[in-house]
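Observations on chain architecture
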Amino acid sequence: MDHSGISVLFEGTNFERLLGGLWVTVKIAAVALIVGLLLGIILGVLRTFKNRPLRVVLRLYLEFFRIVPTVVLLFLFYYILPRQLNFNLPGDQLATLVFALWVAAEMSDIVRGALISVPQHQRESGKAIGLNRYQLYRYVLIPQAISLEIPATINLATRVIKTTSLLMLISVMDVINIGQQIIEANNHTHPTGVFWVYGLIFLFYFLIDYPLSWWAKRLEKKRLERANG
């Protein structure tokens with residue numbers, strides 16, 4: 001056992017370090033999702049307004065975060081903008097900001113799509129009973145759009161969690177960065193340790209993402225069954 005690859009996981013504080021890195025990964029993803037989802041809901045609602053300049057600006061915002069790869073965004077916010085704007089934030093905070101803005105962009109499109117999918121007669125019924133625009137969104141459109149948004153939102157969450165694997169590129173001490181450090185420090189004594197370390201990291205990601213993916217598929221299946229029933 002002393003020289004087997006799996007023993008590298010339990011030498012010293014290696015396992016605790018990996019768990020600590022996993023906590024950093026989950027924390028960044030969770031905070032980014034919370035902030036991004038809230039901002040995305042607001043932007044999604046605004047994108048349904050009949051204000052062309054506003055809709056163009058928000059569409060450009062969405063396309064920017066869709067077209068530019070996440071790794072480029074991380075480098076931009078970590079290496080370039082701090083120098084140009086003369087500010088300095090820790091890598092984990094900048095990563096959280098990048099992911100939150102990305103989530104907000106994607107969520108705005110999910111919300112917009114769900115809102116415009118609400119049957120037209122529901123809108124007309126709300127207007128017929130005298131609801132103003134705020135009341136129409138609060139009592140008619142948003143409640144009905146939620147069931148359409150949830151599966152796509154969960155899938156977005158899984159994408160964010162998987163994409164946090166890029167955090168090591170900006171020196172954030174996430175689970176992959178710590179795993180790489182452990183591998184490099186034990187490469188000579190445990191040459192097969194790389195398989196066990198990355199195997200454990202794979203298991204961490206699987207245990208987080210798979211239940212979310214299963215939940216999203218189940219919700220979508222139920223929604224389709226209700227729609228066809």
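Quick note: structure is the one above.
Since the model is a prediction, treat every value here as computed from it, not as a measurement.

Quick look at the nonpolar core
- Membership of the largest hydrophobic core comes to 56 residues, with the highest contact counts inside it found for Leu 18, Phe 99, Val 160 and Val 175.
- Counting residues per element, the ones that place at least two in this core are α1 (14-46), α2 (52-67), α3 (70-85), α4 (91-116), α6 (133-163), α7 (175-185) and α8 (193-228).
- Here Leu 18 is in contact with Leu 9, Val 175, Ile 178, Gly 179, Ile 182, Leu 200 and Phe 204, once residues within four sequence places are set aside.

Structural notes on unusual backbone geometry
- At Ser 171, a position not held by glycine, the phi torsion is positive, near 65°.
- If you trace the backbone, Ser 171 turns up in the loop between α6 and α7.

Focus: the pattern of salt bridges
- Going through the model one piece at a time under the given rule, you end up with 5 salt bridges.
- With its nearest N and O atoms 3.5 Å apart, the salt bridge here joins Arg 66 to Glu 106. One end of the pair, Arg 66, is in helix α2; the other, Glu 106, is in helix α4, with 40 residues separating them in the sequence.
- By relative accessible area, which is 8% here, Glu 106 ends up buried.
- A salt bridge links Arg 159 to Glu 106; the nearest nitrogen and oxygen atoms lie 3.7 Å apart. Placement of the pair is Arg 159 in helix α6 and Glu 106 in helix α4, with a sequence separation of 53 residues.
- The partly exposed category is assigned to Arg 159, whose relative accessible area is 36%.
- What emerges from the salt-bridge pattern is a single network uniting Arg 47, Arg 66, Glu 106, Asp 109 and Arg 159.

Parameters at a glance
Residues numbered from 1 in each chain as written. Predicted model: local features only at pLDDT ≥ 70, side-chain atom pairs only at ≥ 80, totals over all residues. Heavy atoms only, no water. Core = buried A, V, L, I, M, F, W, Y, C linked by side-chain atoms within 4.5 Å. Buried < 20%, exposed > 50% of the residue type's maximum accessible area, 1.4 Å probe, protein only. Helix = DSSP H or I, 4+ residues; strand = E, 2+ residues; numbered from the N terminus. Contact = heavy atoms within 4.5 Å. Salt bridge = Lys/Arg side-chain N within 4 Å of Asp/Glu carboxyl O.

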